[in-house]
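Tertiary structure, described
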Amino acid sequence: MVQPPKDQLASVLRYMIEAHHKTTVQIDINKMYFNCHFIVLQVYSRFFSELKTIPLLVTLPEDRVSQKAFMLIYKWMLSDEPILECRYIVEIFVAATYLRIDDLLAHCWKYFDDNRCYNEDSACILYVETRYNPALDVVRNLMLTRIQKFLLTFVATKDFLDLPLTHLAYLLSSSGICVNTEIEILFIAVRWLGHNWSQRSAHAPRLVSCIRFHLMPLWYLLYVRREESHQLVKELLSLEEVDRKINEAISNITSRMYEENLAGLNGDGSLLEDYLKEGTPQRKWICDKLCNYYHWVGCPNTREIRYNNFEVYLTELQQSSLDHWSRVEVLDLSKKTDCCSLRKTQSDDAFPILNNNTC
């Protein structure tokens, strides 16, 4: 006998679940109730699967699982090809962490790991917005590594002043950050320390260790200790460790310049540039048109750079367009950058960086 057809169990169950028929549990999030099938929650969430009894009502904390996040998560559970919206990814990640939904966490990480989703400004915004959420500490650490060309724009914000010491030390130690000159690393440290000098001054040695003094211009190193007028910079420069590092940098740079002179290179800077490329890795150097104190590393005018110039630059960045950082180009170290046309004078003889060339 030909057997009569029957609806497939899988399709019937899918219809019932998707239509929310015969739901078995209510989820309460701040007095908003979601009618769900408990078996669906158990399949994906270890929070629900590890409950010893099957409840009729489960109350979830809204600060860990928002109403919007739970709605999107349940939709994700029911979908065969789920798609997450980037604007809700943080809420979903926090909720998925609390509910212990491993597959969903992996899905979220696809977004976090993608530079097209979070990079530079968007990474910095995510970093700042999630600073009070412990569940996102790992994500924040990742976002910190994406801040490179956006660094100086970030420094110009108030949010930068609340940066934890360990995160600031990471940024200042990174070879991936983009700055106009190594002097800015010193100024960035001063800006952070100065926000609460009485409590943060004890961290000065830690930040000083991040500064690569040998990458600073020789002219700046020679003049800064006696000509810088900003009180906090002077405080930092008075530290024994800073004084020692400056003296070492001056000694190393002048020794290399002397070798250059002996090599008969006429002060074209080639050995000096080789020295700067040795040992400690370079930063990513930029030449921002808003930076009115930019000079090539061998330019004598670097001796005029002061902290107040840096403050003016930060003000310019605050008033610039939102995408200004993206239009700043990273310099090619193999090409000498035009700077000031200077002739070697008698007073420059002791430091033969230039000789009738553009610096």
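Shown above is the structure to which this text applies.
Residues numbered from 1 in each chain as written. Predicted model: local features only at pLDDT ≥ 70, side-chain atom pairs only at ≥ 80, totals over all residues. Heavy atoms only, no water.

With respect to unusual backbone geometry
Here Lys-31, not a glycine, exhibits a phi torsion of approximately 70 degrees, which is positive. With respect to the helices and strands, the residue Lys-31 is situated in the loop between β1 (25-29) and β2 (32-36). We classify Lys-31 as exposed; its relative accessible area is 64%. Notably, Glu-120 is not glycine yet its phi reads approximately 55 degrees, a positive angle. Checked against the element boundaries, Glu-120 lands in the loop between α6 (102-112) and α7 (121-129). (Helix = DSSP H or I, 4+ residues; strand = E, 2+ residues; numbered from the N terminus. Buried < 20%, exposed > 50% of the residue type's maximum accessible area, 1.4 Å probe, protein only.)

A closer look at the packing of aromatic side chains
Using the criterion set out here, one finds 17 aromatic pairs in the structure. Judged by centre distance (5.4 Å) and plane angle (65 degrees), the rings of Tyr-44 and Trp-76 are edge-to-face. Here Trp-76 lies in helix α4 (residues 67-78) and Tyr-44 lies in helix α2 (residues 38-44), a separation of 32 residues in the sequence. Residue Tyr-44 is classed as partly exposed on the basis of its relative accessible area of 31%. (Phe/Tyr/Trp six-rings, centres within 6.5 Å; stacked < 30°, edge-to-face > 60°.)

Description of a nonpolar patch on the surface
A cluster of nonpolar side chains, Tyr-33, Leu-56 and Leu-57, forms an exposed patch at the surface whose accessible area comes to about 340 Å². Within the element layout of this structure, Leu-57 appears in strand β3 (residues 57-59). (Patch = residues over 30% accessible without salt bridge, like charges linked within 9 Å, V, L, I, M, F, W, Y side chains within 5 Å. Areas by Shrake-Rupley, 256 points an atom, 1.4 Å probe, with all protein chains shown as cover. Salt bridge = Lys/Arg side-chain N within 4 Å of Asp/Glu carboxyl O.)

A few points about the environment of Asn-35
If you trace the backbone, Asn-35 turns up in strand β2. Sequence separation between Asn-35 and His-20 is 15 residues, and the spatial gap between their C-alpha atoms is 7.2 Å. In this structure, Asn-35 is in contact with His-20, Thr-23, Val-25 and Gln-26, ignoring residues within four places of it in sequence. Engagement of the side chain of Asn-35 in a polar contact is seen with the side chain of Gln-26, the distance being 3.1 Å. (Contact = heavy atoms within 4.5 Å. Polar contact = N/O pair within 3.5 Å; in protein donor to acceptor, adjacent residues only side chain to side chain.)

Describing the side chain of Thr-130
Following the sequence through the fold, Thr-130 ends up in the loop between α7 and α8 (137-145). For Thr-130, a relative accessible area of 4% translates into the label buried. Within polar-contact distance, the side chain of Thr-130 engages the backbone oxygen of Leu-126 at 2.7 Å. Those residues in contact with Thr-130 that sit more than four places away from it in its chain are Val-90, Leu-136 and Arg-140.

Here we look at helix α10 (residues 165-173)
For α10, every residue scored as buried is listed here: Leu-165, His-167, Leu-168, Ala-169, Leu-171 and Leu-172. For α10, the elements touching its buried residues are α7, α8, α9 (151-155), α11 (183-194) and α13 (204-208).

Observations concerning the packing of α4 against helix α5 (residues 89-99)
It is at 9 Å that the axes of α4 and α5 come closest, and there the two elements cross at 75 degrees. Here α5 runs roughly perpendicular to α4, going by the angle between their axes. Each of Lys-68, Ala-69, Phe-70, Leu-72 and Ile-73 in α4 lies in contact with α5, whose residues at this interface are Glu-91, Ile-92, Ala-95, Ala-96 and Leu-99. For the contact of α4 with α5, the residue count by class is 8 nonpolar, no polar and 2 charged. (Axes fitted to C-alpha atoms, helices over the stretch in contact; angles between N-to-C directions. Parallel < 35°, antiparallel > 145°, perpendicular 65-115°, else oblique. Nonpolar A, V, L, I, M, F, W, Y, C, P; charged D, E, K, R; others polar.)

Quick word on the pattern of salt bridges
Taken as a whole and judged by the stated rule, the model has 16 salt bridges. Residues Glu-304 and Arg-303 are paired through a salt bridge, measuring 4.0 Å at the closest nitrogen-oxygen approach. We note a salt bridge from Arg-327 to Asp-323, for which the minimum N-O separation is 3.4 Å. Overall, Asp-323 belongs to the partly exposed group, its relative accessible area being 38%.

Topic: the environment of Glu-329
Tracing the backbone through its elements, the reader meets Glu-329 in the segment after α18 (307-319). Linking Glu-329 and Cys-287, residues 42 residues apart in sequence, is a C-alpha distance of 7.0 Å. Beyond its immediate chain neighbours, meaning those up to four positions away, Glu-329 contacts Trp-285, Ile-286 and Cys-287.

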